[in-house]
Amino acid sequence: MRLSWPQHLQAARTLELTGDQHRGTSLALMGLSLLLLAEDLLELESVAAGPGKGHR
């Protein structure tokens, strides 16, 4: 995992508090955070499935 679950939550909270003047940047960063979260969850799923049964 690139980020722990608390780190993912902290990133979301930080972006939520961003002012209107930085809304576009915040949305772009949130998109990247969601991509990282999805990849981390997919990696965890692959590890839990065992050798030879993962998605990668």
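First, a word on what this report is: a plain description of the structure on this page. (Residues numbered from 1 in each chain as written. Predicted model: local features only at pLDDT ≥ 70, side-chain atom pairs only at ≥ 80, totals over all residues. Heavy atoms only, no water.)

## Let's talk about the overall build of the protein chain
Under the convention used in this document: Note on conventions: DSSP H or I runs of at least 4 residues are helices, E runs of at least 2 residues are strands, and numbering of each starts at the N terminus. Relative accessible area decides the class of each residue, using a 1.4 Å probe on protein chains only: under 20% of the type maximum gives buried, over 50% gives exposed, and in between gives partly exposed. Shrake-Rupley sampling with a 1.4 Å probe provides the accessible areas, and residues are treated as covered by the protein chains on show and by no other component.
Summing up its helical and strand segments, the protein chain has two helices and zero strands in all. The burial tally for the protein chain puts 11% of its 56 residues in the buried class. Carbon and sulfur atoms form 63% of the exposed surface of the protein chain, whose accessible area is close to 4400 Å².

## A few points about helix H2 (residues 23-49)
Threshold: For a helix, the expected span equals 1.5 Å multiplied by the number of residues minus one. For this analysis, residues touch if any pair of their heavy atoms sits within 4.5 Å.
Between its terminal C-alpha atoms H2 stretches 39 Å, which fits the 39 Å expected from 27 residues at 1.5 Å a residue. Restricting attention to buried positions, one finds in H2 the residues Ser 26, Leu 37, Asp 40 and Ser 46. Buried residues in H2 make contact with helix H1 (5-16).

## Side note on the packing of H1 against H2
A pair of packed helices is captured by two measures, namely the crossing angle of their axes and the spacing between those axes. Using the following cut-off: Every axis in this analysis is a line fitted to C-alpha atoms, fitted for helices over the stretch in contact. Angles between the N-to-C directions lie between 0 and 180 degrees. In what follows, roughly perpendicular refers to angles from 65 to 115 degrees, roughly parallel to angles under 35, roughly antiparallel to angles over 145, and oblique to any angle outside these ranges. By definition, any crossing whose near helix is turned counterclockwise from its far helix by less than a right angle is left-handed, and any crossing with a clockwise turn is right-handed.
Running from amino to carboxyl end, H1 crosses H2 at an angle of 165 degrees, the nearest separation of the two axes being 10 Å. The orientation of H1 relative to H2 falls into the category roughly antiparallel. Handedness of the crossing formed by H1 with H2: left-handed. Each of Trp 5, His 8, Ala 11, Ala 12 and Leu 15 in H1 lies in contact with H2, whose residues at this interface are Ser 26, Leu 29, Met 30, Ser 33, Leu 36, Leu 37 and Asp 40.

## Some details on a nonpolar patch on the surface
Here is the rule: Distance thresholds for patches are 9 Å for like charges and 5 Å for nonpolar side chains (Val, Leu, Ile, Met, Phe, Trp, Tyr), applied to residues having over 30% relative accessible area and no salt bridge. Note on definitions: salt bridges are taken to be side-chain nitrogens of Lys or Arg within 4 Å of carboxyl oxygens of Asp or Glu.
Where nonpolar side chains cluster on the molecular surface, the patch consists of Leu 29, Leu 32 and Leu 35 and spans about 270 Å² of accessible area. Here Leu 35 is to be found in helix H2.

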